[in-house]
Amino acid sequence: MTTLSRGRQRLAQQVIDQLRAQIETGKLRVGDQLPTEPQLEATFGVSRTVVREAIADLRSAGFVKPIQGKGVFVADPKAHSVLSLTPVEIKSIPETLELLEFRMAAEGEAAAIAAYRRTAEQEAAIREANRRMANLIETGQQTVEADYAFHMAIAAATNNRFYVAVLRQFGPKAIPRGQFPTLPEANDRDYLQKVYAEHVEILSAIADQDPERARQAMRAHMLASQRRYRMLAEQQ
């Protein structure tokens, strides 16, 4: 499972890099329609999950945009950036990347520790936080607080007060999309479902008391966020 998770992240990055290169060199121009998911799977030799992750990241960075019932089309990244990001948000990108780097180290270990230390009650608290986030996604409500509660529940399950104290110091600000309210992904159901699926992988590893799998699932979760915000940074 751990190897699969890391491998999927690498493959998604390869698809992102190649599609970006086609867009930036003009092989795919603004307004062009991307190949369908099955065509992309065949072209790159990857799974549908990998294709969807890559498209979700390209979409959040403004390289592509979906049109319901028609497909996914190449967008103008520069226009997207100007329209979507405020000056405050632009200034927040470097700090967000630093925070994600720190969280990857701290929360990766927290997830691993939680996997072998968590009590039944603590596992239930993690599960409930994730269930609450799923309900909020379903009803179209804000999910930042529930997302933060999920990560706090994992910190609490380490039974080490310092993990809790560090994450509490950041507060909901630890969840990047809360600092970028104008980005499409802040309220995008498909994107939020992807985040939820990443949480499910982390929860599954903790429930199975598999520390290494939990560590890698959390790292993959943070790496996916890093990838999105690096692409935003490159557009400024």
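Just above, that's the structure.
Residues numbered from 1 in each chain as written. Predicted model: local features only at pLDDT ≥ 70, side-chain atom pairs only at ≥ 80, totals over all residues. Heavy atoms only, no water.

**So, the packing of aromatic side chains**
Evaluation of the coordinates by the stated rule reveals one aromatic pair. Consider the rings of Phe-102 and Phe-170, whose centres lie 6.0 Å apart with planes at 75 degrees: the pair is edge-to-face. Linking Phe-102 in helix α5 (residues 87-117) with Phe-170 in helix α8 (residues 161-170), this pair joins segments that are 68 residues apart in sequence. Exposure remark for Phe-102: the relative accessible area of 42% places this residue in the partly exposed category. Judged by its relative accessible area of 28%, Phe-170 falls in the partly exposed class. (Phe/Tyr/Trp six-rings, centres within 6.5 Å; stacked < 30°, edge-to-face > 60°. Helix = DSSP H or I, 4+ residues; strand = E, 2+ residues; numbered from the N terminus. Buried < 20%, exposed > 50% of the residue type's maximum accessible area, 1.4 Å probe, protein only.)

**Describing the pairing of strand β1 (residues 64-67)**
Bridging between β1 and strand β2 (residues 71-74) involves four bridges; their strand directions are antiparallel. Among the inter-strand pairings, Val-64 is bridged to a residue of β2, identified as Val-74. (Pairing = 2+ DSSP bridges.)

**Some points on the nonpolar core**
Among soluble globular proteins, nonpolar side chains are generally buried collectively. Among the nonpolar cores identified, the biggest contains 25 residues, and Ile-126, Phe-150, Ile-154, Ile-202, Ile-206 and Tyr-229 are the most heavily contacted of them. Breaking this core down by element, the ones donating at least two residues are α5, α6 (120-138), α7 (144-157), α9 (189-207) and α10 (211-235). A total of seven residues in this core trace back to one element, the largest contributor, which is α5. With residues near it in sequence (within four places) discarded, Ile-206 still touches Ala-111, Ala-114, Ala-115, Arg-118, Ile-126, Ile-154 and Ala-214. Within the second largest apolar cluster, 20 residues are counted, among which are Ala-12, Leu-19, Val-74 and Met-231. (Core = buried A, V, L, I, M, F, W, Y, C linked by side-chain atoms within 4.5 Å. Contact = heavy atoms within 4.5 Å.)

**A short note on the pattern of salt bridges**
All chains considered together, the criterion is met by 15 salt bridges. The shortest N-O distance in the salt bridge between Glu-41 and Arg-48 comes to 2.9 Å. Its relative accessible area of 37% is what places Arg-48 among the partly exposed residues. Glu-95 is paired through a salt bridge with Lys-173; the nearest N and O atoms lie 2.6 Å apart. Taken together, the residues Glu-95 in helix α5 and Lys-173 in the loop between α8 and α9 connect sequence positions 78 residues apart. Judged by relative accessible area, Lys-173 falls into the partly exposed class, the value being 39%. When salt bridges that share partners are traced, they join Glu-37, Glu-41, Arg-48 and Arg-52 into one network. (Salt bridge = Lys/Arg side-chain N within 4 Å of Asp/Glu carboxyl O.)

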